[in-house]
Amino acid sequence: MHAVVAEVWRGDFLESVHHGTVHAAGPDGQSVLSVGEPDRPMYPRSAAKPLQALGMLRAGLDLDGELLALACASHSGEAFHLDGVRRILKDAGLGTEALQCTAALPIGEAALHAHLAEGKGQTPLTMNCSGKHAAMLATCAANGWDTATYRDPHHPLQRALRETIEDLAGEKVAATGVDGCGAPLFAIGYRGLARAFAKLATSRSGSLERRVALAMNTHAAYVGGTGRDVTRLMGALPGSVAKEGAEGVYAMALPDGSSISLKIADGSHRARPVVMIAALRRLGVDADADEILTELATAPVLGHGEPVGAIRPARILHG
């Protein structure tokens, strides 16, 4: 059973709770915090993108820097994100018409307002997963694989990505589904997801794993976007690798090998950063020493547009 991991306080009244699962491991891989159902498989959703990006590099994709970070992204749809997607496709000899991700509006508030002000609607390019899809297409182009069927779970690309996820997680995929963007989705356990992120964060210099980790932390704005918690979190913790996913998923690892994976059971994103900071505290990260971490440690509850309460981690996470 999932456990209560966050509380929603309106004034001094407990209004709601969020259930979830949290797994945190120390540098040696031993469990430091385990609440909920960490042995049950789940879909990592977009938190799997760094693992998929590594699979693409292993399959021959030649990306680095901000464009590799964009392959790991659930981007906000800002101009630099969209330009980056176009660059990945152009270098592969492809155009945006090759993208098969679901048409959507930008998820960044400022980017959305600008997009709508220009009279534009939903497009595959502005969908937050377009960087991953562009990289998938570029991997196919590099190998001479069919680009029209790249989303098929039996396609050579998707088989390679599944093998990489299983290798990093140290476990077999428990189920295969279809993600919101239309790409295949592979279920693994919380421990496996944390283990995979730890391997990225502790990878040796010059390895493909290190290329992914450096790209994400150095170009964190490409992984999320302006003001996004995942971008700010990696900026506050040098050498860290973090990625959120739909349905309340979050995964992170630190350069010493400490790692966290979590899911808010109702799929809400509002408690996700709050629970992540609480788990980081259990790993010994001094959240009070950094302004960004302190800000993310709670989330405001509003009344008439003003803070009247807060979302706080549940007592079970305090240790």
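Everything numeric in this text was worked out from a predicted model, so none of it was measured.

Draft legend 1. Spotlight on the packing of helix α5 (residues 130-143) against helix α6 (residues 156-169). Running from amino to carboxyl end, α5 crosses α6 at an angle of 110°, the nearest separation of the two axes being 10 Å. With respect to α6, the axis of α5 lies roughly perpendicular. Crossing hand, α5 versus α6: right-handed. Across the interface between the two elements, Met-136, Thr-139 and Cys-140 of α5 pack against Leu-157, Gln-158 and Leu-161 of α6. A per-class count over the contact of α5 with α6 returns four nonpolar, two polar and no charged.

Draft legend 2. The arrangement of the packing of helix α1 (residues 49-58) against helix α7 (residues 190-201) in detail. At their nearest, the axes of α1 and α7 sit 10 Å apart, and the two run at 55° to each other. As far as their axial angle goes, α7 and α1 are oblique. At the point where α1 passes α7, the crossing takes the left-handed sense. Within the contact between the two elements, α1 uses Pro-50, Leu-51 and Leu-54 and α7 uses Leu-193, Ala-196, Phe-197 and Leu-200. Partitioned by chemical class, the residues of the contact of α1 with α7 number seven nonpolar, no polar and no charged.

Draft legend 3. Just the side chain of Thr-126, in detail. Locating Thr-126 in the fold gives a position in the loop between α4 (109-117) and α5. Among the polar contacts made by the side chain of Thr-126, one reaches the main-chain carbonyl oxygen of Ala-104 at a distance of 2.6 Å. Beyond its immediate chain neighbours, meaning those up to four positions away, Thr-126 contacts His-75, Leu-82, Ala-104, Leu-105, Pro-106, His-115 and Gly-121.

Draft legend 4. Quick look at the packing of aromatic side chains. For the coordinates displayed, the defined rule picks out one aromatic pair. Taken together, a centroid distance of 4.9 Å and an interplanar angle of 70° make the contact between Phe-80 and Tyr-222 edge-to-face. On the criterion of sequence distance, the pair formed by Phe-80 in helix α3 (residues 79-91) and Tyr-222 in helix α9 (residues 220-223) is long-range, its members being 142 residues apart. By relative accessible area, which is 16% here, Tyr-222 ends up buried.

Draft legend 5. Region of the structure containing the pattern of salt bridges. Summed over all chains, the structure comprises 17 salt bridges. Here Glu-166 ties to Arg-162 by a salt bridge, and the two come within 3.5 Å at their closest N and O atoms. Here Glu-166 and its partner Arg-162 are both found in helix α6, four residues apart, which amounts to about one turn of the helix. Residue classification places Arg-162 among the partly exposed residues on the basis of a relative accessible area of 31%. The partner of Glu-295 in a salt bridge is Arg-232, and the shortest N-O contact between them spans 2.9 Å. Note that Glu-295 is positioned in helix α12 (residues 291-296) and Arg-232 in helix α10 (residues 229-236), a separation of 63 residues in sequence. Linked through salt bridges whose partners overlap, the residues forming this network are Arg-58, Asp-167 and Glu-209.

Draft legend 6. Highlighting the nonpolar core. Of all hydrophobic cores here, the largest spans 99 residues; its most connected members are Val-22, Leu-233 and Leu-280. The element that contributes the greatest number of residues to this core is helix α11 (residues 272-282), accounting for seven residues. Setting aside chain neighbours within four positions, we find Leu-233 in contact with Ser-240, Ala-242, Tyr-250, Met-252, Met-276, Ile-277, Leu-280, Leu-293 and Leu-296.

Draft legend 7. Spatial organisation of the pairing of strand β3 (residues 31-35). Looking at chain direction, strand β2 (residues 13-25) and β3 are connected through four bridges and run antiparallel. Residue pairing in the sheet places His-23 in a bridge with Ser-34 of β3. Where β2 hands over to β3, the hairpin turn is made up of five residues, of which Gly-29 adopts a positive phi near 85°.

Draft legend 8. Molecular detail of the pairing of strand β8 (residues 259-264). Burial runs high along β8: six of the six residues are buried. By the alternation rule, side chains of β8 split into Ser-259, Ser-261 and Lys-263 and Ile-260, Leu-262 and Ile-264, which are all buried. Of the pairings in the sheet, the one linking β2 to β8 comprises six bridges and is antiparallel in character. Note that in β8 the partner of Thr-21 across the bridge is Lys-263. Relative to β8, strand β7 (residues 249-253) runs antiparallel, the two being bridged by five bridges. Of the residues in β8, the one forming a bridge with Met-252 is Ile-260. Linking β7 back to β8 in an antiparallel pair, the connection comprises five residues, with Gly-257 at a positive phi of about 100°.

The rules we used
- Residues numbered from 1 in each chain as written.
- Predicted model: local features only at pLDDT ≥ 70, side-chain atom pairs only at ≥ 80, totals over all residues.
- Heavy atoms only, no water.
- Axes fitted to C-alpha atoms, helices over the stretch in contact; angles between N-to-C directions.
- Helix = DSSP H or I, 4+ residues; strand = E, 2+ residues; numbered from the N terminus.
- Parallel < 35°, antiparallel > 145°, perpendicular 65-115°, else oblique.
- Left-handed = near helix turned anticlockwise from the far one by under 90°.
- Contact = heavy atoms within 4.5 Å.
- Nonpolar A, V, L, I, M, F, W, Y, C, P; charged D, E, K, R; others polar.
- Polar contact = N/O pair within 3.5 Å; in protein donor to acceptor, adjacent residues only side chain to side chain.
- Phe/Tyr/Trp six-rings, centres within 6.5 Å; stacked < 30°, edge-to-face > 60°.
- Buried < 20%, exposed > 50% of the residue type's maximum accessible area, 1.4 Å probe, protein only.
- Salt bridge = Lys/Arg side-chain N within 4 Å of Asp/Glu carboxyl O.
- Core = buried A, V, L, I, M, F, W, Y, C linked by side-chain atoms within 4.5 Å.
- Pairing = 2+ DSSP bridges.

Keep in mind these values describe shape, not function.
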